[in-house]
Amino acid sequence: NKRKKRLTDIEVSLLLLILSPLMIWFFKNKAQFISNIFKVVSGKLSWIGYKLEEGSFETLPTLKPGVLNPTDIFTEIDLDKEKTAQLNMLYAKDYRALNDAEILFKSWKNLDR
């Protein structure tokens, strides 16, 4: 799964790099968007990681820090620590590249964090 996740990160980064002349106009922090692409390609970041909450991911497999996280698809709901921990657990337990694609598709406007 880690290999699939890394390949997905690289593929998405290359696609975003190709589309960046068009997409960059949708972001407020343009330099951070470009920087995130290169950080993901170099392996310092991942596009999707855990939501960082104290005590919510110590028992989960290690992942690189993410630009986005599983809670980003629930923007209309205020999630507490317990729900965030459950989402992190589900993301780790049932990882699929399609989950990453869904999170990216639904929250692509946050790629400039």
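What counts as what
- Residues numbered from 1 in each chain as written.
- Predicted model: local features only at pLDDT ≥ 70, side-chain atom pairs only at ≥ 80, totals over all residues.
- Heavy atoms only, no water.
- Helix = DSSP H or I, 4+ residues; strand = E, 2+ residues; numbered from the N terminus.
- Rg over C-alpha atoms; globule rule 2.2 N^0.38 Å.
- Buried < 20%, exposed > 50% of the residue type's maximum accessible area, 1.4 Å probe, protein only.
- Contact = heavy atoms within 4.5 Å.
- Areas by Shrake-Rupley, 256 points an atom, 1.4 Å probe, with all protein chains shown as cover.
- Arc of directions from axis to C-beta.
- Core = buried A, V, L, I, M, F, W, Y, C linked by side-chain atoms within 4.5 Å.

Participant: Explain the overall build of the protein here, please?
Facilitator: When helices and strands are tallied, the protein shows four helices and two strands. Taken from N to C terminus, the helices and strands of the protein fall in the order α-α-β-β-α-α. Compactness check: the protein gives a C-alpha radius of gyration of 14 Å against a globular reference of 13 Å for 113 residues, within 12% of the reference. With respect to the principal axes defined by its C-alpha atoms, the protein has extents near 40 × 30 × 20 Å. Of all 113 residues assigned to the protein, the portion counted as buried reaches 37%. Of the contacts made within the protein by residues no fewer than 6 positions apart, 57% connect residues no fewer than 24 positions apart. In the structure as shown, the protein presents an accessible area of about 7400 Å², 61% of it carried by carbon and sulfur atoms.

Participant: What's the story with helix α4 (residues 97-106) in this structure? I'm lost.
Facilitator: Residues lying three or four places apart along an α-helix face the same way, a consequence of the helix completing one turn every 3.6 residues. Within α4, the full set of buried residues consists of Asn 99, Asp 100, Ile 103 and Leu 104. One face of α4 carries all of its buried residues, which in axial projection span an arc of 135°. Exposed residues on α4 whose side chains face more than 90 degrees from its buried face are Leu 98, Phe 105 and Lys 106. The inward-facing, buried residues of α4 abut α1 (2-23), β1 (46-48), β2 (66-68) and α3 (81-93).

Participant: Sorry, what's going on with the nonpolar core here?
Facilitator: The nonpolar side chains of a soluble globular protein tend to be buried with one another. Counting residues in each nonpolar core, the largest one holds 20 residues, and the members touching the most others are Leu 16, Phe 33, Trp 47, Ile 48, Leu 68, Leu 104 and Leu 111. Breaking this core down by element, the ones donating at least two residues are α1, α2 (30-42), β1, β2 and α4. Those residues in contact with Leu 68 that lie beyond four places of it in its chain are Trp 47, Ile 48, Gly 49, Ile 103, Leu 104, Ser 107, Asn 110, Leu 111 and Arg 113.

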